[in-house]
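Chain by chain, the residues:
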Amino acid sequence: MPAEPPSGPLLEVRNLRTGFRTRRGLLQAVDGVAFAIARAETVAIVGESGSGKSVTAMSILRLFGRTDRAAIEGAILLHGRDGGIRDLVTLPEPELRDVRGREIAVIFQDPSASLNPVFPIGEQIAEAIRRHRPQEAAHAARAAVELLRDVGIADPERRVAAYPHQLSGGMRQRVMIAIALACQPRLLIADEPTTALDVTIQAQIMRLLADLKAARGMGLLFITHDLALVGEIADRVVVMYAGQVVETGATDAVLAAPRHPYTRALLECRPERHYRDGAEDERLLRPIAGQPPRPTEVAAGCRFAPRCPLAEAACRAGPVDLHLLHGDRQSRCRRWDAMA
Amino acid sequence: MTALIEVAGLAKHFPLPRRGFGPRGAVRAVDGVSFRVAPGEVLGLVGESGSGKSTVGRLALRLLDPTAGRVRFDGQDITTASLRALRPLRRSMQMVFQDPYASLNPRRSVGEAIGEVLRLHGIGTRSERRDRAGALLAKVGLSAADLGRMPREFSGGQRQRIAIARALAVEPRFLVADEPVSALDVSVQAGILALLRGLQAELSLAMLFISHDLSVVEVMADRVMVLYLGRVMEVGPTRTMFTAPRHPYTAGLLAAAPRLDRGAAPAVVLRDEIPSPADPPSGCVFRTRCPFALADCAATVPEPRTVGPDHQMACIRDDVTF
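So, how was this worked out
- Here the residue numbers are simple positions, counted from 1 along each chain's written sequence.
- A letter from A marks each chain and a number from 1 marks each ligand, given out in the order of writing.
- For this predicted model, a pLDDT threshold of at least 70 governs which residues receive local features, and a threshold of 80 or more governs which side-chain atom pairs are given and counted, while totals over whole chains, interfaces and linings are taken from all residues.
- Excluding hydrogens and water, the side-chain figures rest on all heavy atoms present in the structure.
- Here is the rule: rings of Phe, Tyr and Trp (six-membered ring for Trp) pair when centre to centre is within 6.5 Å. Planes less than 30 degrees apart are stacked, more than 60 are edge-to-face, and the remainder are tilted.
- Labels follow the DSSP assignment, with helices taken as runs of H or I lasting at least four residues and strands as runs of E lasting at least two, numbered in each case from the N terminus.
- Note: two strands are recorded as paired if DSSP finds a minimum of 2 bridges between them.
- pLDDT expresses, on a scale from 0 to 100, how confident the predictor is about each individual residue.
- The buried label goes to any residue with under 20% of its type's maximum accessible area, the exposed label to any with over 50%, and the partly exposed label to all in between, with areas taken from a 1.4 Å probe on protein chains only.
- When two cysteine sulfur atoms lie within 2.5 Å, the pair is treated as a disulfide.
- Contacts were defined at the residue level, with two residues in contact if any of their heavy atoms lie within 4.5 Å.
- Summed over both partners, buried area is the accessible surface (1.4 Å probe) that two parts give up on being assembled.
- For salt bridges, the criterion is a side-chain nitrogen of Lys or Arg within 4 Å of an Asp or Glu carboxyl oxygen.
- A 3.5 Å cut-off defines polar contacts: any pair of N or O atoms within that distance qualifies, except that in protein one atom must be a possible hydrogen donor and the other a possible acceptor, and neighbouring residues in sequence count only when both atoms are side-chain atoms.
- In this analysis an axis means a line fitted to C-alpha atoms, helices contributing only their contacting stretch, and an angle means the value between N-to-C directions, from 0 to 180 degrees.
- Any angle from 65 to 115 degrees is called roughly perpendicular, while one under 35 is roughly parallel, one over 145 is roughly antiparallel, and all others are oblique.
- Take the far helix as your reference; a near helix turned counterclockwise from it by less than a right angle gives a left-handed crossing, and one turned clockwise gives a right-handed crossing.
- Three classes are used: nonpolar for Ala, Val, Leu, Ile, Met, Phe, Trp, Tyr, Cys and Pro, charged for Asp, Glu, Lys and Arg, and polar for all others, with Gly counted as polar.

**Q** It is not clear to me how the packing of aromatic side chains should be interpreted in this structure. Could you clarify?
**A** Within a pair of aromatic rings, the relevant descriptors are the distance that separates the centres and the angle that separates the planes. Residues and elements named next belong to chain A. Here the structure, examined in full by the defined rule, presents eight aromatic pairs over all chains. Look at Tyr262 and Phe304: their rings are 5.3 Å apart centre to centre, the planes differ by 70°, and that puts the pair in the edge-to-face class. You can see Tyr262 sitting in helix H11 (residues 261-268) and its partner Phe304 sitting in the loop between strand E12 (282-284) and helix H12 (313-317), a full 42 residues away along the chain. In textbook terms, an aromatic cluster arises when at least three aromatic residues are bridged by ring pairs, as seen for Tyr241, Tyr262 and Phe304.

**Q** How should I be thinking about unusual backbone geometry in this particular structure?
**A** Working note: non-glycine residues mostly have negative phi, and peptide bonds are mostly trans. Residues and elements named next belong to chain A. A positive phi angle is found at Asn15, which is not glycine, with a value near 45°. Locating Asn15 in the fold gives a position in strand E1 (residues 9-22). For Gln184, which is not glycine, the phi torsion reads 50° and is therefore positive. Position of Gln184 among the secondary structure elements: in the loop between helix H7 (169-181) and strand E7 (187-191).

**Q** Where do I start with the sheet that holds strand E2 (residues 26-37) of chain B in this structure?
**A** Note: strands within a sheet are paired through backbone hydrogen bonds, in either parallel or antiparallel orientation. All names here are of chain B. The strand order across the open sheet formed by four strands is E2-E1-E4-E5, and the pairing between neighbours is antiparallel. Each edge of the open sheet is held by one strand with a lone partner, namely E2 and strand E5 (76-77). Across two bridges, strand E4 (residues 68-73) lies against E5 in antiparallel orientation. Opposite Arg72, over in E5, you have Asp77 as the bridge partner.

**Q** Where do I start with the confidence of the model for chain B in this structure?
**A** Any region with low pLDDT has predicted coordinates that should not be read closely. Averaged over every residue, the pLDDT of chain B is 93; residues scoring 70 or more account for 99%. Here the prediction assigns the complex a pTM of 0.92, and the interface score ipTM is 0.90.

**Q** Help me understand the pairing of strand E9 (residues 223-228) of chain B in this model?
**A** All names here are of chain B. The buried fraction of E9 amounts to six of the six residues, a majority that puts the element mostly inside the structure. Neither face of E9 is left uncovered, since the one carrying Arg223, Met225 and Leu227 and the one carrying Val224, Val226 and Tyr228 both have all their residues buried. Two elements, strand E3 (residues 42-46) and E9, share four bridges in a ladder whose sense is parallel. Bridge pairing links Leu43 to Arg223 in E9. Linking two consecutive strands that pair antiparallel, namely E9 and strand E10 (residues 231-237), is a turn of two residues; a positive phi of about 45° is found at Leu229 within it.

**Q** Any chance you could explain the state of the cysteines here in plain terms?
**A** A disulfide bridge is the covalent bond that connects two cysteines by way of their sulfur atoms. Inspection of the entire model under this criterion finds zero disulfides over all chains. No disulfide involves Cys315 of chain B; its sulfur sits 6.1 Å from the nearest other cysteine sulfur, which is in Cys290 of chain B.

**Q** What exactly am I supposed to notice about the interface of chain A and chain B here?
**A** You'll often see interface size given as the accessible area lost when the parts meet. At the interface, 38 residues of chain A touch 36 residues of chain B. Around 3000 Å² of area is buried between chain A and chain B when both sides are counted, 55% of it from carbon and sulfur atoms. Note that Arg239 of chain B and Asp277 of chain A form a salt bridge whose closest N and O atoms lie 3.0 Å from each other. Of all the secondary-structure elements, those providing two or more residues to the side of chain A that touches chain B are H7, helix H8 (199-216), helix H9 (227-233), H11, strand E11 (272-274) and E12 of chain A.

**Q** For this particular structure, what's the right way to read helix H1 (residues 53-60) of chain B?
**A** Burial analysis of H1 of chain B places six of its eight residues in the buried class, which makes it a mostly covered element. All of the buried residues in H1 of chain B are Lys53, Thr55, Val56, Gly57, Leu59 and Ala60 of chain B.

**Q** It is not clear to me how the side chain of Lys53 of chain A should be interpreted in this structure. Could you clarify?
**A** Residues and elements named next belong to chain A. The topology assignment puts Lys53 in helix H1 (residues 53-60). At 3.1 Å, the side chain of Lys53 forms a polar contact with the backbone oxygen of Gly47. Leave out the neighbours within four places in its chain, and Lys53 touches Ile45, Val46, Gly47, Glu48, Glu192, Ile223, Thr224, His225 and Met240.

**Q** What is the right way to read the pairing of E4 of chain B from this model?
**A** Regular strands have side chains that alternate between both faces of the sheet. Residues and elements named next belong to chain B. In terms of strand pairing, strand E1 (residues 5-15) meets E4 through five bridges, oriented antiparallel. Note on E4: the bridge partner recorded for Ile5 is Phe73. Counted between consecutive antiparallel strands, the loop separating E4 from E5 contains two residues, among which Asp74 sits at a positive phi close to 50°.

**Q** Whenever I open this one, the sheet that holds strand E8 (residues 219-224) of chain A confuses me. Can you help?
**A** Residues and elements named next belong to chain A. Pairing within the open sheet is mixed, and its eight strands lie in the order E6-E7-E8-E3-E9-E10-E14-E13. Single-partner strands in this sheet number two, and they are strand E6 (104-107) and strand E13 (323-326). Within this sheet the neighbouring strands show an average axis-to-axis angle of 20°, counted without direction. Here E7 runs beside E8; their pairing, made up of five bridges, is parallel. Bridge pairing in E8 places Leu187 opposite Gly219. Packed on one face of the sheet, H7 meets E6 and E7 and runs near 170° to E6.

**Q** It is not clear to me how the packing of helix H4 (residues 121-132) of chain A against helix H5 (residues 140-150) of chain A should be interpreted in this structure. Could you clarify?
**A** Any two packed helices are characterised by how steeply their axes cross, that is the angle between the axes, and by the distance between the axes. Residues and elements named next belong to chain A. Between H4 and H5, the least distance of the axes is 8 Å, while the angle of their chain directions is 115°. In terms of their interaxial angle, H4 and H5 are classed as roughly perpendicular. Our pair here, H4 against H5, has a crossing hand that is right-handed. Taking contact as the criterion, the partners of Ile121, Gly122, Ile125, Ala126, Ile129 and Arg130 in H4 are, on H5, Ala140, Ala141, Ala143, Ala144, Leu147 and Leu148. Of the residues that constitute the contact of H4 with H5, the class distribution is ten nonpolar, one polar and one charged.

See below:
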């Protein structure tokens, strides 16, 4: 594989709008999302259920079924190894199939839903290699063993013959990662890959992802609801709320000094306990009041305004744009400077 | 303080299907667990999946019959009490489950769901029960106007509030909360935890709070017990457990938990995964993942020993600190 220059854009998402046609009209799950991933960079999208983070990830490879009746607008530009640019929103399906796996691979929260229960795992990894790298078909079985070793599965020569049900959840996620890596993708999308796992296994998978990413120089798009995981892995973070990007910037800067009230509330709602000598401990439990809006009933103004302690009349009057603060730091808050 | 709930030497072995003519195996879900919870105290129970924490919760309420050991409630041995004898006690022992979508009957209004519990325990007249259900809803942050609404009209967090109202309707003295916020978004979790904590203090409830999430247990519990493969690894006051753990497994769990300030966590890396409870390792069940295991660890099951005020752990090593 030709070495890639270490910087430069890999994927650019511009004004992405993904909706689902339902009997009650169009549900706009993602409404004007834009971000970019540089080569070998890790970007995290963080948000709660209904924020549109997973729909954004699924839109990149158009991974919706026919019954989803999804409508994707905007542009998703993939910069090729040769410098060519393809728009994944309009790319014909046969060519997109080529992008899936070979250029961009995906792992999901639930590995058992993605693995075929009736084939041994080695066979499933080998099949991925044969499909996307036919020139290596002859060595596919051996490559499968090596991939299992790469993802930290002990005794891979024996384990290739195992069926998915014989493996734990953590092992199955490692197998999914092996399948994703089979074609040496340039971007790995990981959609809540550790949410179903125990903390000790989560820590192992996070370390594995970081190591593999560094060793292979791939880009990583990490989707999560957990800001602490973002801090462990991502260079930059995109915070989503109700289908929109509300804040983006370098991870350390965003976590240390959020410039959107939602980001700050998300940081503060994590339970904390401060121990006091000779006094009652301080237990901090600060929920975000109210609920996120349903996609059918988003407000005309700032979508977070109904839950926001800083909201004023002007926030509710009309749409709030993303403000460019400095560098690549952005906030969709009129009052971002009131948060310093 | 005297214990409200006290279990001693509790074990639960689930038999496995017979294979051939060999001896019949068993999943040793819980093995030799003892603890006490005082009135008004919250005991946190942590461990990975397969550690037996949910089974312990069910055994403590006698929703499961133990294979061995005793369960005492308010001084009374209920280990072998008949269902009829248990019935009046059931009022004093309630449970809140993880999934608020599964624990409420979708075809019953909220008022009916709460009223039914009161009716089963023969409390009040129909209209008194209705008033009481309305008052309970107000107490958990909803309103009496919600009585006629159906569960599907509520969000996950609101449903969990309804489940809490229902559990508290009969004025229990002991509550088992099994992963009560794990199915909820983080922004909603804190509200449910604050509610549970407030009600627990106000009603002086004894509570067994089960969670895989260490930060949630840290904020809720007065004492914390760590389970691994059905055995107690360490138990102690919350502050001690989180700031000065003594058992390698506790330290490993703390190290693995994602946190925003990485500086404070111990640096113990746990390898591999929890073994099958059908075939636990000999000696210390944790030794196969323990970075500090010695040859001796395979030979004998470590007895819990006191290492500080109210603080016990089951590890033979004295020479490691985290």
